[in-house]
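# A structural walkthrough
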Amino acid sequence: MRHDPKALKTALADLEQRHLRRTRRVELHAGVVNFCSNDYLGLAKHPAVVAAFQAAAAKYGVGSGASHLVTGHGPEHEALETALAAFTGREKALVFSTGYMANMGVIGALADQNASLVSDKLNHASLIDGCRVSGAQSLRYRHGDAAHAFELLSALDAAVDTRLLISDGVFSMDGDLAPLPELARAARQTGAWLIVDDAHGLGVVGGTGRGTCEHFGLNAGDVPVLVGTFGKAFGTFGAFVAGDADLIDFLIQKSRTYIYTTALPPALAAATRAALEVSQRESWRREKVLELAERVRRALPEVFPLSRPGTAIQPVVLGDSQRALAASKALENKGFLVTAIRPPTVPAGTARLRITLSAAHEEAQVDGLIAALGELL
């Protein structure tokens, strides 16, 4: 785009005309129930999490003051990494400032221009951008198609030494689970690293909330690189990568998004550790959010196929962006906030309402949303 004062106005007008222009919401109107937050366990305002944040902020201040490798890494970061390693069943964990940086950082560290990357077509933008920025050969397999992933990996030149197989655990816009057992098998058979971003699985999926790996009975050998975030089920902010000790040490040496940025504030690390503890102690939260998701699916089976595994994410695909915006507005007028998700976040022709359930929701609120959807769809 040329530096032309009119160019940006023209581009914005084009987005507006195609119903793709984005806006930000400052606050919810009184009485509107939020059904599009990622606070799946309702921990963002939990008293224990808030108290941990306040106590650590009073002790350490509100910022870390430097990168992890200068003076930004402290006892709260160390304690959180130890807790995350134990929670995920890995030797070590490494805290990143954001999920985007974690995905960019791990791909950039493991892959160079001579590597080959094979990733799911519907992966999160941070994984897509990590592949792009790495400069490596990047191939995409059909969504959820492990056989296609294996086919692409098998067809790589024998001279390719570094191969990465990359997938979300739970796909954020569809709520479906990646076929991790088949992907793990494909990675083993072709000598590839399997990287799984389980941002939307950890805390919710699995018998004890340990995510998609637990759901499928997979261990650290099956999924050697596990990425997770704190801003979903754990209600705080930040991210981590978990794996064996050598992987974490290598990332400390090579991951640019870890090395060259200010460390997460200690108070956030303390709050996240508290949230992790609460998520295990109050297991009813995980059970409740999945029960509420199941309640929605069973009430509207023609909209939410019962054959799909239950997660906190339940999409209503409407196709047209204008229709999705209109449906979102109609629901808000009835007291329910469900954001319209449009391209390029989702593929063209698949604009949708993305409904997310939380342990903070009550059954009456969910039933009200069900009734409103029934009238709308």
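Above this note sits the structure.
Residues numbered from 1 in each chain as written. Predicted model: local features only at pLDDT ≥ 70, side-chain atom pairs only at ≥ 80, totals over all residues. Heavy atoms only, no water.

The next subject is the nonpolar core. Within the largest apolar cluster, 54 residues are counted, with the highest numbers of intra-cluster contacts made by F35, L84, L331, L353, I355, L357 and L369. In this structure, F96, A111, C131 and V225 belong to the second largest nonpolar core, which totals 25 residues. (Core = buried A, V, L, I, M, F, W, Y, C linked by side-chain atoms within 4.5 Å. Buried < 20%, exposed > 50% of the residue type's maximum accessible area, 1.4 Å probe, protein only.)

Spatial ordering of the open sheet is given by β2-β8-β7-β6-β5-β3-β4, a layout of seven strands whose pairing is mixed. Sheet topology places β2 (92-96) and β4 (137-141) at the edges, where each strand pairs with a single neighbour. Neighbour-to-neighbour, the strand axes of the sheet open up by a mean angle of 20°, direction not taken into account. Here four bridges tie strand β3 (residues 116-120) to strand β5 (residues 163-168), and the two strands are oriented parallel to one another. In the sheet register, L117 faces β5, and the bridge partner there is L164. Of the strands in this sheet, β4, β5 and β6 (193-197) are in contact with helix α8 (residues 180-190), which crosses β5 at around 175°. (Pairing = 2+ DSSP bridges. Helix = DSSP H or I, 4+ residues; strand = E, 2+ residues; numbered from the N terminus. Axes fitted to C-alpha atoms, helices over the stretch in contact; angles between N-to-C directions. Contact = heavy atoms within 4.5 Å.)

Before going further, it helps to examine the packing of helix α5 (residues 99-110) against helix α10 (residues 245-254). To characterise two packed helices, one gives the angle between the axes of the helices and the distance between these axes. It is the contact of α5 with α10, at a shortest axis distance of 10 Å, that shows an interaxial angle of 95°. Viewed along their axes, α5 and α10 adopt a mutual orientation that is roughly perpendicular. Taking contact as the criterion, the partners of G105, V106, A109 and L110 in α5 are, on α10, L247, F250, L251 and K254. Counted by class, the contact of α5 with α10 contains six nonpolar, one polar and one charged residues. (Parallel < 35°, antiparallel > 145°, perpendicular 65-115°, else oblique. Nonpolar A, V, L, I, M, F, W, Y, C, P; charged D, E, K, R; others polar.)

At their nearest, the axes of helix α14 (residues 321-333) and helix α15 (residues 363-376) sit 10 Å apart, and the two run at 135° to each other. The orientation of α14 relative to α15 falls into the category oblique. The element α14 and its partner α15 pack so that their crossing is right-handed. From α14, A327, A330 and L331 reach across to α15, where they touch L369, A372, L373 and L376. Residue classes in the contact of α14 with α15 are distributed as seven nonpolar, no polar and no charged. (Left-handed = near helix turned anticlockwise from the far one by under 90°.)

One open sheet accounts for three strands, arranged β9-β12-β11; its pairing is antiparallel. Each edge of the open sheet is held by one strand with a lone partner, namely β9 (313-319) and β11 (340-341). As judged from the six bridges shared by β9 and strand β12 (residues 351-356), these two strands associate in the antiparallel manner. Across the sheet, the residue bridging to V316 is L353, located in β12. Sheet strands in contact with α14 are β9, β11 and β12, and its direction is about 35° off that of β12.

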